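Residue-level structure breakdown
So the chains spell out like this:
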Amino acid sequence: MDLPMASNTKQKRPTLKNSYLWSFMQARWNRRFGKTDEAIQNWVDLLNRESSRPRFKEVGYLIEVQALQEARGYLEQLESDSDEDISEKNYLLSKCYLGQALIPQAKEKIEQAILKKPQNAKYWDLLADCYLELGDWREAIKALDNSMRAAPQNAETNYRMGMIYSFHEEYHEALRCFQGCCQLRPREFLYWEMKAEMHLLLEQLKDACNSYERALRYGGTPDLAARLAYCYVQNGEIKKGIQYYKYTLKYEPDHYDSLSNLAAVYQNLGRSQEALTLLERAKNIYPKDPILLNNLAFTLVHQGRTRKASEYYREALELTPDHPLILYNLSVCLTRKGNWQEGIDLINQLLKIEPNHSAGWALLGNIYDQIDQSEVAIDCFNKALKLA
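Note that the coordinates shown come from a computational prediction; the quantities given were computed from them, not determined experimentally.

1. Some words on helix H13 (residues 222-234)
Between its first and last C-alpha, H13 extends 19 Å over 13 residues, near the 18 Å set by a 1.5 Å rise per residue. Within the sequence span of H13, burial applies to Pro 222, Leu 224, Ala 225, Ala 226, Leu 228, Ala 229, Cys 231, Tyr 232 and Val 233. Close packing links the buried residues of H13 with helix H11 (189-201), helix H12 (205-217), helix H14 (238-251) and helix H15 (256-268). Trailing H13 by a residue or two, Gly 236 shows a phi angle of about 85°, which is positive.

See the structure below:
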C-alpha cells in the first residue's frame, strides 16, 4: 500500500507575539510601568479581534484608565444575546456614561441591567452613584440598601451608607451603619474610627472612648490617640487623657493639636510652666495662630508676666483685630497693670461687636469704679446684670 507523499509546504503556527495572551500581558505590563497610551492601544486592538464572546474584561480595563470613548464605542456596537451579556453590557455602558457626565443615560442603562439581574449588588451600587450625581441622596441610600440585600456581607456598602448619612447629619443612622461595618469586619480600624466619630457627635463620650480604643488597637495612627485623649478629657478622665496625649507626642513630637490641648489640660490643673513649655513648642510650628497666641498670653498672665502677655495679645489682635475673646483678655491684662484708658477703648471696641457681652460690661464697670466714676460704673453693672 502506497503511503501519501509528505507536503513540501510547512504549516504556519501562530507565534506567541501574535497570540491573545501576549497582547493581553503586553497591555498589563504597559499599564504597570505607566505607559497608559500604549496599554489603551493594546486593549483596543484586542477588542477589534474576532471573538465568540464579548470582551468585557478589556472594556473594564479601558474604563479604569478613563478611555471611556473607546470602551463606549465597542459596547454600543456590540450585539448581545444572553441576559447575562445584556446586563453586563448595560452596566459597563452606564459606567462610561457616568464618567462622561451623561447622568440620565447612565441611570437608564443601569436600571435596564437591574431589571435583568436585580440580585447583582454592583448594579445597585452604580445606581446609587447616579442618584448621588443627581443630588438625590435618599434614593441613593435606597439603592445601597438593595445592594446590601444582594450582598449582605459587603461591609463597604454599609460604610458608604454611613458616610452619606454622616454628611447629611443623620448621625444616628450613620452610627447604625458603622456598627454594621464593625460587626462584619471587626479588625478594620477605619470602621471603629468612624463609629467613634459618630458617638462623639452624639455626645456619647464613653462609647466614643471604647471605639477609639479599638481603632487604635487595630492599627490606627497617633492622631487617633490624640482624639481618644480629647474624649477622655471631656469625659473627666484627665489622667488617661494626659497619657494618650503623651503617647501621640512620643511618635509625633510636632502634633499641633496635642501640644495645644495638653497645654490647656495642664493650665486647668494649675501646672502653668508645663503648659507654657508646650505652647512655646506649638508656637514654633504655627507662629501666626491667633488662638495659640491668646492661650500663650493667658498662661503668662497666670504666672504674673502681664507685660509679655500683653505683647502676645497685641500680636494676636494684629492677626484678628475684631476677635471678642482676645479683646476681652487684653482688656483684663491692661486693667491689671492700671492702664485704664486703653482698657476702656478695647472694651468699647468689644461692645460694638458684641453689645450683649455681659463680662465686658462688668469689666468696664470695674474700671470706671477704679477711676471714681461711680455713676457710669453702676450703669455698666446694671447692663451686665440685665444681660447675664
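Additional details are given in the paragraphs that follow.
2. Looking at the packing of H13 against H14
Where H13 meets H14, the closest approach of the two axes is 8 Å, and the angle between their N-to-C directions is 165°. Classified by the angle between their axes, H13 and H14 sit roughly antiparallel to one another. In this structure, H13 meets H14 at a crossing whose hand is left-handed. Residues Pro 222, Ala 225, Ala 226, Leu 228, Ala 229, Tyr 230, Tyr 232 and Val 233 of H13 form the contact with H14, whose own contacting residues are Ile 238, Lys 240, Gly 241, Tyr 244, Tyr 245, Tyr 247, Thr 248 and Tyr 251. Among the residues making up the contact of H13 with H14, the classes are represented as 13 nonpolar, two polar and one charged.

3. Concerning the environment of Leu 68
Mapped onto the secondary structure, Leu 68 falls in helix H4 (residues 68-76). Here Leu 68 falls in the buried class, since its relative accessible area comes to 7%. Residues Leu 68 and Leu 279, spaced 211 residues apart in sequence, show a C-alpha to C-alpha distance of 53 Å. Apart from the residues within four sequence positions on either side, Leu 68 is in contact with Ile 63, Cys 96, Gly 99 and Gln 100.

4. Let's talk about the packing of H12 against H13
Relative orientation of the contacting elements H12 and H13 amounts to 155°, with a least axis distance of 9 Å. Viewed along their axes, H12 and H13 adopt a mutual orientation that is roughly antiparallel. Seen along the crossing, H12 lies across H13 with a hand that is left-handed. Of the residues in H13, those in contact with Leu 205, Ala 208, Cys 209, Tyr 212, Glu 213, Ala 215 and Leu 216 of H12 are Leu 224, Ala 225, Arg 227, Leu 228, Cys 231, Tyr 232 and Gln 234. Taken together, the residues of the contact of H12 with H13 sort by class into eleven nonpolar, one polar and two charged.

5. Structural notes on the UniProt feature "repeat: TPR" (unreviewed entry) in the protein chain
Within this structure's numbering, the places UniProt gives as "repeat: TPR" (unreviewed entry) are residues 121-154, 155-188, 222-255, 256-289, 290-323 and 324-357. Segment residues 222-255 splits into 79% helix and 0% strand. End C-alpha atoms: 9 Å apart. For residues 290-323, helix accounts for 79% and strand for 0%, while the C-alpha atoms at its two ends are 9 Å apart.

6. Topic: the packing of aromatic side chains
Taken as a whole and assessed by the stated rule, the structure comprises seven aromatic pairs. With a centroid separation of 5.9 Å and 15° between ring planes, the pair formed by Tyr 232 and Tyr 244 is classed as stacked. Of the two residues, Tyr 232 sits in helix H13 while Tyr 244 sits in helix H14, which places them twelve residues apart along the sequence. Across this residue pair, the class does not change: Tyr 232 and Tyr 244 are buried. Look at Tyr 256 and Tyr 286: their rings are 4.7 Å apart centre to centre, the planes differ by 90°, and that puts the pair in the edge-to-face class. Pair noted here: Tyr 256 is in helix H15 and Tyr 286 is in the loop between helix H16 (272-285) and helix H17 (290-302), with a separation of 30 residues, a long-range link. Residue class for Tyr 256 comes out buried when judged on its relative accessible area of 14%. By relative accessible area, which is 49% here, Tyr 286 ends up partly exposed. Through pairs of rings, three or more aromatic residues link up here, namely Tyr 159, Phe 178 and Tyr 191. The positively charged end of Arg 217 is found above the aromatic ring belonging to Tyr 218, 5.9 Å away from the centroid.

7. Here we look at the nonpolar core
One finds Trp 43, Val 59, Leu 62, Leu 75, Ile 110, Leu 262 and Tyr 313 to be the most contacted residues of the largest nonpolar core, which totals 104 residues. With eleven residues, the next largest nonpolar core counts Ile 347, Ile 367, Cys 380 and Ala 384 among its residues.

8. Regarding the confidence of the model for the protein chain
Overall, the predicted model of the protein chain reaches an average pLDDT of 88, with 92% of residues at or above 70. Considering only residues more than four positions removed or in separate chains, one finds that residues 3-7, a stretch of pLDDT under 50, has zero contacts.

9. Digging into the state of the cysteines
Overall, the coordinates contain zero disulfides when judged by the stated rule. Free of any disulfide, Cys 209 has its nearest cysteine sulfur in Cys 231, 4.9 Å distant. Take Cys 209: its relative accessible area is 2%, and that puts it in the buried class.

10. Brief notes about the environment of Leu 292
Counting through the fold element by element, Leu 292 comes out in helix H17. The buried category is assigned to Leu 292, whose relative accessible area is 2%. Linking Leu 292 and Ala 316, residues 24 residues apart in sequence, is a C-alpha distance of 8.4 Å. Once residues within four sequence positions are removed from consideration, Leu 292 is found in contact with Tyr 256, Ser 260, Leu 279, Ala 282, Lys 283 and Tyr 286.

11. Brief notes about the side chain of Thr 299
Here Thr 299 shows up in helix H17. With relative accessibility at 2%, the residue Thr 299 sits in the buried group. Within polar-contact distance, the side chain of Thr 299 engages the side chain of Gln 267 at 3.3 Å. Discounting chain neighbours no more than four positions away, the residues touching Thr 299 are Gln 267, Ser 272, Ala 275, Leu 276 and Leu 279.

Definitions and limits used
Residues numbered from 1 in each chain as written. Predicted model: local features only at pLDDT ≥ 70, side-chain atom pairs only at ≥ 80, totals over all residues. Heavy atoms only, no water. Helix = DSSP H or I, 4+ residues; strand = E, 2+ residues; numbered from the N terminus. Expected span 1.5 Å × (residues − 1). Buried < 20%, exposed > 50% of the residue type's maximum accessible area, 1.4 Å probe, protein only. Contact = heavy atoms within 4.5 Å. Axes fitted to C-alpha atoms, helices over the stretch in contact; angles between N-to-C directions. Parallel < 35°, antiparallel > 145°, perpendicular 65-115°, else oblique. Left-handed = near helix turned anticlockwise from the far one by under 90°. Nonpolar A, V, L, I, M, F, W, Y, C, P; charged D, E, K, R; others polar. UniProt positions renumbered as here; feature names shortened; annotations may be inferred. Phe/Tyr/Trp six-rings, centres within 6.5 Å; stacked < 30°, edge-to-face > 60°. Lys NZ or Arg CZ within 6 Å of the ring centre and 35° of its normal. Core = buried A, V, L, I, M, F, W, Y, C linked by side-chain atoms within 4.5 Å. pLDDT = per-residue confidence, 0-100. Disulfide = S-S within 2.5 Å. Polar contact = N/O pair within 3.5 Å; in protein donor to acceptor, adjacent residues only side chain to side chain.

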